[in-house]
Amino acid sequence: MDLPSMDMLLFLIAVGFIAAFVDSVVGGGGLISVPALLLTGLPPSMVLGTNKLGGTLSSVTSTISFLFSGKINGKLVLALFPLSFIGSVLGTYAVHLLPSAFLKPLVIILLVVVLIYTLFKKNWGANATPRPLTSAAKWVCALCAFVLGFYDGFFGPGTGSFLLFLFLLLGFDFVGASANAKVLNMASNIASLACFFLLGSVHLGYGVPMGLAMIVGAIVGSRLAIRHGSRYVKPLFIGVTVLLIGKQIWDLLQ
């Protein structure tokens, strides 16, 4: 296992902190961490596995922070957690059998819909008004948790945004939606990371230093979200979604 040089180590630590800071609130940290890991010269499969190590440490830390804030609906996310986990395992396995590039146009369309809906709903997510779930709504939530878990293992970009959007639709405010989304994101991250470890696609020399920095970034980001609420989370969510759309369009045109 190669160890990073001091310059690369400091670079990965700085990038890891920033990526986790963003990811802990609205997702999208991979926009920052994956390109940074590609600069190390690791093969793409190793980059994705190493990034999952940092992402998992970040999501676990964020979940713990939000747990103490009382923003997590324990009953709901505990029911959805195994579905995200199983979906991610299947998605990570499927990515070794099928190319994921065909998903890019669909992801762009869905992210644009999420962005437009959020921009036009001016006061959406400002206050928490969770609605009682009907039987149909429970089935839809279960399906979304499984599908987004599969998507995270199979492709990944925008998972945090889609999960946050799901909980906003259920009536949570932006901070509550972010908190509950992070639990399901943690489930898919843990499952995918376990698969990458089994496939030997995690570089600990790069992943551990970056992951430790991501723990700190996740603590700072989630605490700021809890303290400042929707007026902080909503603009960040919109900004990251715009960047995700731009990144996917750029990749599609290459």
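None of the values given here were measured: they were computed from a predicted structure.

With that settled, the discussion passes to empty space enclosed by the protein. Summed over all chains, the structure comprises 1 cavity of 30 Å³ or more. Estimates place the volume of the largest cavity at around 40 Å³. Residue lining of the largest cavity: Val 25, Val 26, Gly 27, Gly 160, Leu 164, Ser 178, Ala 181, Lys 182 and Asn 185, and that is the complete set. Counting only elements with at least two residues in the lining of the largest cavity, the list comes to helix H1 (6-26), helix H7 (159-169) and helix H8 (174-198). Looking at the lining of the largest cavity, its residues break down into 4 nonpolar, 4 polar and 1 charged.

Moving on: the confidence of the model for the chain. On average, the chain scores 85 in pLDDT, and the residues at 70 or more come to 93%. Within the chain, helix H4 (residues 74-94) carries the highest mean pLDDT (92), whereas helix H5 (residues 104-120) carries the lowest (76).

What follows is about the UniProt feature "transmembrane region" (unreviewed entry) in the chain. Feature annotation in UniProt assigns "transmembrane region" (unreviewed entry) to the following positions: residues 52-69, 76-95, 101-120, 132-151, 157-176, 183-200 and 206-225. The span residues 76-95 carries 95% helix and 0% strand; its end-to-end C-alpha distance comes to 29 Å. Between the C-alpha atoms that bound residues 157-176 there is a distance of 21 Å. The span itself is 70% helix and 0% strand.

Our next topic: the nonpolar core. A general tendency of soluble globular proteins is for nonpolar side chains to be buried together. In this structure, Val 26, Leu 80, Phe 162, Leu 164, Phe 167 and Val 233 are the most contacted members of the largest nonpolar core, which totals 44 residues. If you list the elements that add at least two residues to this core, you get H1, H4, H5, helix H6 (135-154), H7, H8 and helix H10 (230-253). In terms of residue count, H8 provides more of this core than any other element does, 8 residues in total. Setting aside anything within four residues of it in sequence, one finds Leu 164 in contact with Val 25, Val 26, Phe 174, Ala 177, Ser 178, Ala 181 and Phe 237. Counting 14 residues, the second largest nonpolar core, distinct from the first, contains Met 8, Leu 12, Tyr 206 and Met 210.

What follows covers the side chain of Thr 40. Mapped onto the elements of the fold, Thr 40 is located in the loop between helix H2 (30-38) and helix H3 (44-69). Relative accessible area serves as the criterion here: at 16%, Thr 40 is assigned to the buried category. Among the polar contacts made by the side chain of Thr 40, one reaches the main-chain carbonyl oxygen of Leu 37 at a distance of 2.4 Å. Ignoring any residue separated from it by four or fewer positions in sequence, one finds Thr 40 in contact with Met 8, Leu 12 and Tyr 206.

Reading the values: the criteria
- Residues numbered from 1 in each chain as written.
- Predicted model: local features only at pLDDT ≥ 70, side-chain atom pairs only at ≥ 80, totals over all residues.
- Heavy atoms only, no water.
- 1 Å grid on protein atoms, 1.4 Å probe; cavity = no way out; pocket = protein on both sides within 12 Å on 5 of 7 lines; lining within 4 Å.
- Points joined across faces, edges and corners; volume = space filled by probe spheres on them.
- Helix = DSSP H or I, 4+ residues; strand = E, 2+ residues; numbered from the N terminus.
- Nonpolar A, V, L, I, M, F, W, Y, C, P; charged D, E, K, R; others polar.
- pLDDT = per-residue confidence, 0-100.
- UniProt positions renumbered as here; feature names shortened; annotations may be inferred.
- Core = buried A, V, L, I, M, F, W, Y, C linked by side-chain atoms within 4.5 Å.
- Buried < 20%, exposed > 50% of the residue type's maximum accessible area, 1.4 Å probe, protein only.
- Contact = heavy atoms within 4.5 Å.
- Polar contact = N/O pair within 3.5 Å; in protein donor to acceptor, adjacent residues only side chain to side chain.

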